[in-house]
Amino acid sequence: MDGQAIPVESIRYDDRGLVPAIVQDYLDGTVLMMAWMNRESLQKTLETGETWFWSRSRQALWHKGATSGHVQRVKALRYDCDSDCLLVNVEQLGDIACHTGERSCFHQVNSHIEPPLADTLSQVYQVVCDRRDHPNDTSYTCKLLAGGDNKILKKIGEEAAEVVMACKDDDPQAIAGEVADLFYHTLVALAHHNVDLKAVYRKLQERRQ
């Protein structure tokens, strides 16, 4: 876990001895929850590699997931420039962080605002999966999915060739556009074969390490 040497005593706790901890999915960046830590819970988090918090209502330590099984394995722990806020990157077991059963505690949104569902690739992938599960005749994505591997893989091949040509021309704008097209068509292939995008992220993390 990154952050093993975080200076517990150097954190700027408030007058209650607490510091806010923002918990984020280490793979796609989704903000999962916010809770409070004190010196003891932060120390236990560092020692065990799983998140521990301080409950203000119960006035007691609590181990996230101890009852539900939705434990958070800490991948990295950082603190901000003022040392008064923590950012905890975790692997969320069960993919549920909220007591309501939602993935994130921040699932309530203004109807006019797009929910902050992590990185752009994840957002596009969710749209593609929605088209797969709720097809309509006017959607290009639905037409691709209806064509199966023959249509989807043909487009991936075409877009890969376009990326090559854009790189050969050394055109940054064209490269960005063609890679975006290749990413999109690859996401369609993932959705068609029911492969979770996070499985790809895990593979990349394994190879990074």
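Residues numbered from 1 in each chain as written. Predicted model: local features only at pLDDT ≥ 70, side-chain atom pairs only at ≥ 80, totals over all residues. Heavy atoms only, no water.

1. Re the packing of aromatic side chains
Scanning the model with the defined rule gives two aromatic pairs in all. When the ring of phenylalanine 53 is compared with that of tryptophan 62, the centres are 5.1 Å apart and the planes differ by 40°; the resulting orientation is tilted. For phenylalanine 53, a relative accessible area of 0% corresponds to the buried category. Its relative accessible area of 23% is what places tryptophan 62 among the partly exposed residues. It is arginine 16 that lies over the ring of tryptophan 36; its NZ or CZ is 4.8 Å from the centre. The residue whose ring lies beneath lysine 75 is tyrosine 26, and the NZ or CZ to ring-centre distance is 5.1 Å. (Phe/Tyr/Trp six-rings, centres within 6.5 Å; stacked < 30°, edge-to-face > 60°. Buried < 20%, exposed > 50% of the residue type's maximum accessible area, 1.4 Å probe, protein only. Lys NZ or Arg CZ within 6 Å of the ring centre and 35° of its normal.)

2. Here we look at helix α1 (residues 39–48)
Taken as a whole, α1 has its buried residues at Ser41, Leu42, Thr45 and Leu46. Seen along its axis, α1 keeps its buried residues to an arc of 135°; they face one direction. In this fold, the buried residues of α1 make contact with β2 (31–37), β3 (52–55), β4 (60–63), β5 (72–79) and β6 (86–92). The backbone nitrogen of glutamate 40 has a side-chain oxygen 3.2 Å away, supplied by the residue at the start of α1, namely asparagine 38. A positive backbone phi angle near 80° is found at glycine 49, which sits one or two residues after α1. (Helix = DSSP H or I, 4+ residues; strand = E, 2+ residues; numbered from the N terminus. Arc of directions from axis to C-beta. Contact = heavy atoms within 4.5 Å. Polar contact = N/O pair within 3.5 Å; in protein donor to acceptor, adjacent residues only side chain to side chain.)

3. Some words on the pairing of β4
As paired strands, β3 and β4 are joined by four bridges and run antiparallel to one another. What sits directly across from serine 55, in β4, is alanine 60. Linking two consecutive strands that pair antiparallel, namely β3 and β4, is a turn of four residues; a positive phi of about 55° is found at glutamine 59 within it. (Pairing = 2+ DSSP bridges.)

4. Observations regarding the pattern of salt bridges
A complete count under the given rule lists 13 salt bridges for this structure. Between glutamate 91 and lysine 75 there is a salt bridge, with the nearest N and O atoms lying 3.8 Å from each other. Of this pair, glutamate 91 sits in strand β6 while lysine 75 sits in strand β5, and the two are 16 residues apart along the sequence. Of the residues examined, glutamate 91 reaches a relative accessible area of 23% and is grouped as partly exposed. The closest approach of N and O atoms between lysine 198 and aspartate 95, which form a salt bridge, is 3.1 Å. Here the residue lysine 198 occupies a position in helix α5 (residues 197–208), and aspartate 95 occupies one in the loop between β6 and α2 (120–133), the gap between them amounting to 103 residues. Overlapping salt bridges bring together Asp25, Asp28, Asp95, Arg103 and Lys198 as one network. (Salt bridge = Lys/Arg side-chain N within 4 Å of Asp/Glu carboxyl O.)

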